[in-house]
Amino acid sequence: AKLVAAVSNAGGCGILATGPLSATETRSAIQEIRRLAPEKPFGVGVTLLMPGSHENAEVALDEQVPLINTSLGKCDWIAKTAHLYGGKVLGTVTNYKHAERALEAGCDALMATGHEAAAHGGDVTSLVLIPSLVSRFPDVPIVGCGGFADGRGLAAALSLGADGVAMGSRFAVTAESPLARSAKDAISNDNNTESDTIYGKNFDGIHARVLKTSVSERANARPAPFPLVLYRAILASKEMKVPMWKILGGALTEWNKIYTLAQFGSSIAAIKAATVDGDLEHHGVQFVGQSQGLIRDIPEMNDLVQHIIREARTASVAI
């Protein structure tokens, strides 16, 4: 909540990641954001494939959150309810077909997520994806995501036709971020470059970009056997207090879907080990974008945002 509020207070629109949160924790965080950043715009992100996401989305709707950012699932029911109270839905997409389906489901804007992005970016780079979607959907607000960490990137995205950018990796490495200090240090390490990430599907069942470590290399080396994935998913469901049938999605006759959903659920422990415990040496896997090659400090959020704005203006003049 502190990071989301800091982004909004600095002039952005902070989005709460609800992946590891229970419905109760999500409601508490939303209320805390409103206390820390009164009358400021903010959003809640829901990865609809993730266990507990529907409950978190329902909390966001009940709290009438101004912006709901959806990904990896059908969001028509979210859009329908959000629009009743004047809320907006931002759909995360990685290609034209995803964008078309998101708009058909009722999304008001698109987050064009390029190959450079942390976690589940697609196979098209931001440099191509953004202008492509801008051309195809000229009346739809587009937020560029993937590869943006400074004012030069912001200026570049605006020149491509985007209306704004998301800077997940950059904002995660700030003083207000709850990300474990060891993870912040690893990402901002001078020795790390844009090449020190791994992009593969063996970690959580969907192509994702993570920080390159010995742990993440092992996690992406080969798919885990199904019994192990299922065991990890069960542990994750117990820790998150989510019924196991939601991990499996009820798809008891669809083997591939069961495996993907179980693998996605089983990755929660590794993500938490990195982000909360700061364990990058034994169990943790940290999502990060290629923009880590541009991250070299851990600043206060307001200072960072103001620097980004100044740098973008300078870059725009140069263009």
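About the thresholds
- Residues numbered from 1 in each chain as written.
- Predicted model: local features only at pLDDT ≥ 70, side-chain atom pairs only at ≥ 80, totals over all residues.
- Heavy atoms only, no water.
- Helix = DSSP H or I, 4+ residues; strand = E, 2+ residues; numbered from the N terminus.
- Buried < 20%, exposed > 50% of the residue type's maximum accessible area, 1.4 Å probe, protein only.
- Contact = heavy atoms within 4.5 Å.
- Areas by Shrake-Rupley, 256 points an atom, 1.4 Å probe, with all protein chains shown as cover.
- Pairing = 2+ DSSP bridges.
- Right-handed = clockwise from strand over helix to strand, strands pointing away.
- Phe/Tyr/Trp six-rings, centres within 6.5 Å; stacked < 30°, edge-to-face > 60°.
- Polar contact = N/O pair within 3.5 Å; in protein donor to acceptor, adjacent residues only side chain to side chain.
- Expected span 1.5 Å × (residues − 1).
- Arc of directions from axis to C-beta.
- Core = buried A, V, L, I, M, F, W, Y, C linked by side-chain atoms within 4.5 Å.
- Salt bridge = Lys/Arg side-chain N within 4 Å of Asp/Glu carboxyl O.
- Axes fitted to C-alpha atoms, helices over the stretch in contact; angles between N-to-C directions.
- Parallel < 35°, antiparallel > 145°, perpendicular 65-115°, else oblique.
- Left-handed = near helix turned anticlockwise from the far one by under 90°.
- Nonpolar A, V, L, I, M, F, W, Y, C, P; charged D, E, K, R; others polar.

Looking at this model, I keep getting lost on the overall build of the protein chain. Mind explaining?
Scanning the protein chain from terminus to terminus reveals 15 helices and 9 strands. For the protein chain, buried positions account for 51% of its 319 residues. For the protein chain, the share of sequence-separated contacts (at least 6 apart) that also reach a separation of at least 24 residues comes to 61%. Carbon and sulfur atoms make up 54% of the accessible area of the protein chain, which totals about 15100 Å².

What's the story with the pairing of strand E5 (residues 109-113) in this structure? I'm lost.
Sheet faces and side chains relate simply in a regular strand, where the side chains alternate between the two faces. Most of E5 is tucked away: 5 of the 5 residues are buried. In terms of strand pairing, strand E4 (residues 88-93) meets E5 through 4 bridges, oriented parallel. Note that in E5 the partner of Val93 across the bridge is Ala112. Between the parallel pair E4 and E5, the chain is carried across by helix H5 (residues 96-104), and the sense of this crossover is right-handed. As a crossover connection, the stretch from E5 through helix H6 (residues 126-136) into strand E6 (residues 142-145) is right-handed.

Honestly, the packing of aromatic side chains in this entry has me stumped. Any pointers?
Two numbers describe a pair of aromatic rings. These are the distance of the centres and the angle of the planes. Tallying each qualifying case throughout the model produces 2 aromatic pairs. For the ring pair Tyr96 and Phe137, a centre distance of 5.7 Å and an interplane angle of 15° mean the geometry is stacked. In this pair, Tyr96 is assigned in helix H5 and Phe137 in the loop between H6 and E6, connecting sequence segments 41 residues apart. You can call Phe137 buried: its relative accessible area is 12%. When the centroid spacing of 6.1 Å and the interplanar angle of 75° are considered together, the rings of Phe203 and Phe287 count as edge-to-face. In this pair, Phe203 is assigned in the loop between strand E8 (197-200) and strand E9 (208-211) and Phe287 in the loop between helix H14 (268-275) and helix H15 (301-318), connecting sequence segments 84 residues apart. Exposure remark for Phe203: the relative accessible area of 9% places this residue in the buried category.

Help me understand the side chain of Thr174 in this model?
Within the secondary structure, Thr174 is located in the loop between helix H8 (168-172) and helix H9 (181-188). Looking at Thr174, its side chain comes within polar contact range of the main-chain oxygen of Phe171, at 2.8 Å. Those residues in contact with Thr174, other than ones at most four positions away along the chain, are Leu3, Lys184, Ile298, Pro299, Met301 and Leu304.

Hey, could you run me through H15 in this one?
The terminal C-alpha atoms of H15, which comprises 18 residues, lie 26 Å apart, in line with the 26 Å expected from a rise of 1.5 Å per residue. All of the buried residues in H15 are Met301, Leu304, Val305, Ile308, Ala312 and Ala315. Viewed along the axis of H15, the buried residues span an arc of 95°, placing them on a single side of the element. Turned more than 90 degrees off the buried face of H15, the exposed positions are Arg313, Thr314 and Val317.

Help me understand the side chain of Asn192 in this model?
Looking at the element boundaries, Asn192 is found in the loop between H9 and E8. Residue Asn192 is classed as buried on the basis of its relative accessible area, which comes to 14%. At a separation of 2.5 Å, a polar atom in the side chain of Asn192 contacts the main-chain carbonyl oxygen of Ala186. Setting aside anything within four residues of it in sequence, one finds Asn192 in contact with Ala186, Ile187, Leu211, Gln292 and Arg296.

Help me out: how do you make sense of the nonpolar core in this one?
Counting residues in each nonpolar core, the largest one holds 50 residues, and the members touching the most others are Ile78, Leu110, Leu133, Phe171 and Met301. Here the element with the most residues in this core is H15; it accounts for 6 residues. When residues no more than four places from it in sequence are discounted, the contact partners of Leu133 are Val93, Asn95, Tyr96, Ala99, Ala112 and Ile142. The next biggest cluster of nonpolar side chains, apart from the first, holds 11 residues, and it includes Leu179, Ala183, Ile187 and Ala274.

Explain the environment of Asn69 to me, please; I cannot follow it from the model alone.
Tracing the backbone through its elements, the reader meets Asn69 in strand E3 (residues 67-71). On the basis of relative accessible area, Asn69 is assigned to the buried category, the value being 12%. Sequence separation between Asn69 and Ala57 is 12 residues; the distance between their C-alpha atoms is 9.6 Å. Excluding anything up to four places from it in sequence, Asn69 contacts Ile15, Val44, Gly45, Val46, Leu90, Gly91, Thr92 and Met111. A polar side-chain atom of Asn69 sits 2.9 Å from a polar atom in the side chain of Thr92.

Help me understand the pattern of salt bridges, please; the structure alone is not making it clear to me.
A side chain of one charge can pair with a side chain of the opposite charge if their charged atoms are brought near each other. In total, this model carries 9 salt bridges according to the counting rule given. With a closest N to O distance of 2.9 Å, Arg27 and Glu63 form a salt bridge. Of the two residues, Arg27 is situated in helix H2 (residues 23-36) and Glu63 in the loop between helix H3 (53-62) and E3; the sequence distance between them amounts to 36 residues. Of the charged contacts in the structure, one is a salt bridge between Glu311 and Arg152, with a shortest N-O distance of 3.9 Å. Within this pair, whereas Glu311 is found in helix H15, its partner Arg152 is found in helix H7 (residues 151-159), the two being separated by 159 residues in sequence.

Just checking my understanding: could you explain the packing of H7 against H15 for this structure?
The description of two packed helices rests on the angle between their axes and on the distance between the axes. Following both chains from N to C, one finds H7 and H15 inclined at 55°, their axes separated by 7 Å at the closest point. For the element pair H7 / H15, the angle class is oblique. As H7 runs across H15, the sense of the crossing is right-handed. Together, Gly151, Arg152, Leu154 and Ala155 of H7 and Ile308, Glu311, Ala312, Ala315 and Ser316 of H15 make up the contact between the two elements. In the contact of H7 with H15, the residues fall into 5 nonpolar, 2 polar and 2 charged.

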